[in-house]
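The residues making up each chain are set out below.
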Amino acid sequence: MMRALVLGGTADANLLAESLARAGLDATYSYGGRTRAPANQPLPTRIGGFGGVSGLAEHIRQEGITHVVDATHPFAAEMSRNAVAACVETGTALMALERAPWARTPGDNWIEVADIASAVAALPEHRARVFLAIGRQHIAPFASRPQHAYTLRFVDPPGDALPFDADVIVSRGPFTLDGELEMMRARSIEWIVARNSGGDGARAKIDAARALGLPVIMLVRPQLPDRPRVESVAEVLQWLGHRVCLGA
Ligand code: 3Y8
Ligand code: NAP
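Here the residue numbering is sequential within each chain, running from 1 through the sequence in written order. Naming scheme: in the order in which they are written, chains are lettered from A and ligands are numbered from 1. Whole-chain, interface and lining totals are the exception, using all residues; otherwise, since this is a predicted model, local features are given only for residues with pLDDT of at least 70 and side-chain atom pairs are given and counted only at 80 or more. In computing side-chain properties, one takes all heavy atoms of the structure into account and sets aside hydrogens as well as water.

### Let's talk about the site of ligand 2
Surveying the vicinity of ligand 2 reveals 23 residues, the closest of which are Gly8, Ser30, Arg34, Phe50 and Arg195. Throughout this description, a polar contact denotes any pair of N or O atoms lying within 3.5 Å of each other; where both atoms belong to protein, one of them has to be capable of donating a hydrogen while the other can accept it, and for residues adjacent in sequence the pair is counted only when both atoms sit in side chains. Within the backbone of glycine 48, a nitrogen or oxygen atom sits 3.4 Å from a nitrogen atom of ligand 2. About the coverage of ligand 2: the protein hides 82% of its 800 Å² of free accessible area. Among the elements of the structure, β2 (27–31) and α3 (77–90) are those that each provide at least two residues to the shell around ligand 2. In terms of residue class, the shell around ligand 2 is built from six nonpolar, 13 polar and four charged. Only a single heavy atom is needed: when it lies within 4 Å of a molecule or strand, its residue is near that molecule or strand. Areas reported as accessible are Shrake-Rupley estimates using a 1.4 Å probe. Residue values count occlusion only from the protein chains shown. Helical segments are the DSSP runs of H or I of at least four residues, strand segments are the runs of E of at least two, and each set is numbered from the N terminus. Residue classes follow a fixed rule: Ala, Val, Leu, Ile, Met, Phe, Trp, Tyr, Cys and Pro count as nonpolar, while Asp, Glu, Lys and Arg count as charged, and any other residue, Gly among them, counts as polar.

Okay, structure coming up:
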């Protein structure tokens, strides 16, 4: 009897949850517990870490999970690595639902970097107006470049003090091109730091940067272990053995 665990937290995971619920398949949705009020899902939902690989393996056994779908964000590398290890340990089928990275197009001015330290180093020496669109978890290293005027964007209001002086926009996205153009013009943004998340929920800032001719310091994706992956919800449903009516 098929029982799926969806490791979620992304727009793609939300689309998958809708299809699974509509198909009446036995599945649960899992959030890491990163945000205060995550979006509601049409599936039974759990929130919070499993407790590493062993915790996830234990959950799989206790809940009788037969299929794990890793629909987490491309930068949720630890969760994805744990999912591979726990599924090997328990002999459970695993599929990743992962959108393709954004590809550089003519007119893009990208500086691709491997990690946050390189992103900090890629900023100019002279004072600039910088939009850090990388969330809250990884901004501390930018404190070493206090000469810049930073704009940050978080899902939730910053509870504790910020590691450096900055303007904070609280918004959970998905974002629109007009909204990004308006924000960047209003704040005279000169540089953008972004992750190559892929998907549509966050690409508006990349299109806005191209339209305004602004440089983007682009964090490339972390290396993940080999695992089966698809880019569409329909392929996940087929993998789960559910006949997908055409045009679904
Ligand atoms: C908790 C679930 C939907 C899903 C929305 C997608 C789109 C907007 C783009 C910018 C970049 C960023 C951030 C971002 C995007 C979608 C999608 C996506 C980037 C929620 C969500 C959770 C999270 C966690 C949060 C991180 C943060 C990253 C903000 C829900 C809204 C910057 C990633 O405060 C924190 O601790 C937030 C942490 C991980 C990265 C970071 O390091 O700060 N996402 N984002 C998930 C969980 O608990 O399991 O709250 O409902 C989901 C979405 N985030 O509703 O359509 O699918 O990609 N999320 C990045 O790209 O760098 C925003 O501002 O332009
Ligand atoms: P991460 O660094 O890869 O994971 C750190 C730990 O958080 C994991 O080892 C696991 O804890 C727990 N965790 C993460 N995702 C989980 C999930 N869906 N269900 C249960 N536990 C989870 O993860 P992250 O980058 O902080 O991302 C956390 C969540 O935000 C994910 O759901 C991801 O899809 C979403 N998200 C992340 C980004 C991003 O930029 N990273 C962007 C958009 C959305 P244990 O080891 O205790 O099991």
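### Concerning empty space enclosed by the protein
Using only the protein atoms, space was sampled on a 1 Å grid; points where a 1.4 Å probe fits but cannot get out form cavities, open sets with protein on both sides within 12 Å along at least five of seven lines form pockets, and lining residues are those with an atom within 4 Å of a point. Grid points are joined across faces, edges and corners, and a volume is the space filled by probe spheres set on the points. Here the structure, examined in full by the defined rule, presents one cavity of 30 Å³ or more. For the largest cavity, the full set of lining residues is Asp70, Thr72, His73, Pro74, Ser80, Ala96, Leu97, Glu98, Leu224 and Arg227.

### Focus on the sheet that holds strand β5 (residues 93–97)
Neighbouring strands of a sheet are bound in pairs by backbone hydrogen bonds; such pairs are parallel or else antiparallel. The criterion for strand pairing is that DSSP finds at least two bridges linking the strands in question. Spatially, the six strands line up as an open sheet ordered β3-β2-β1-β4-β5-β12, and their pairing is parallel. Of all strands in the sheet, those bounded by a partner on one side alone are β3 (45–47) and β12 (229–230). Across the face of the sheet, helix α1 (residues 11–22) comes into contact with β1 (4–7), β2, β4 (67–70) and β5 while running at roughly 160° to β2. We call two residues in contact whenever any of their non-hydrogen atoms come within 4.5 Å of each other. Note on definitions: angles span 0 to 180 degrees between N-to-C directions of axes, and those axes are lines fitted to C-alpha atoms, for helices only across the stretch in contact. α3 contacts β1, β4 and β5 of the sheet and is inclined by roughly 160° relative to β5.

### Description of the site of ligand 1
Taken together, 29 residues surround ligand 1, and among them Gly32, Thr35, Arg136, Arg172 and Ser197 come closest. Here an oxygen atom of ligand 1 sits 2.7 Å away from a polar atom, N or O, in the side chain of arginine 153. Burial of ligand 1 by the surrounding chains reaches 91%, relative to a free accessible area of 1100 Å². The residue inventory of the shell around ligand 1, partitioned by class, reads ten nonpolar, twelve polar and seven charged.

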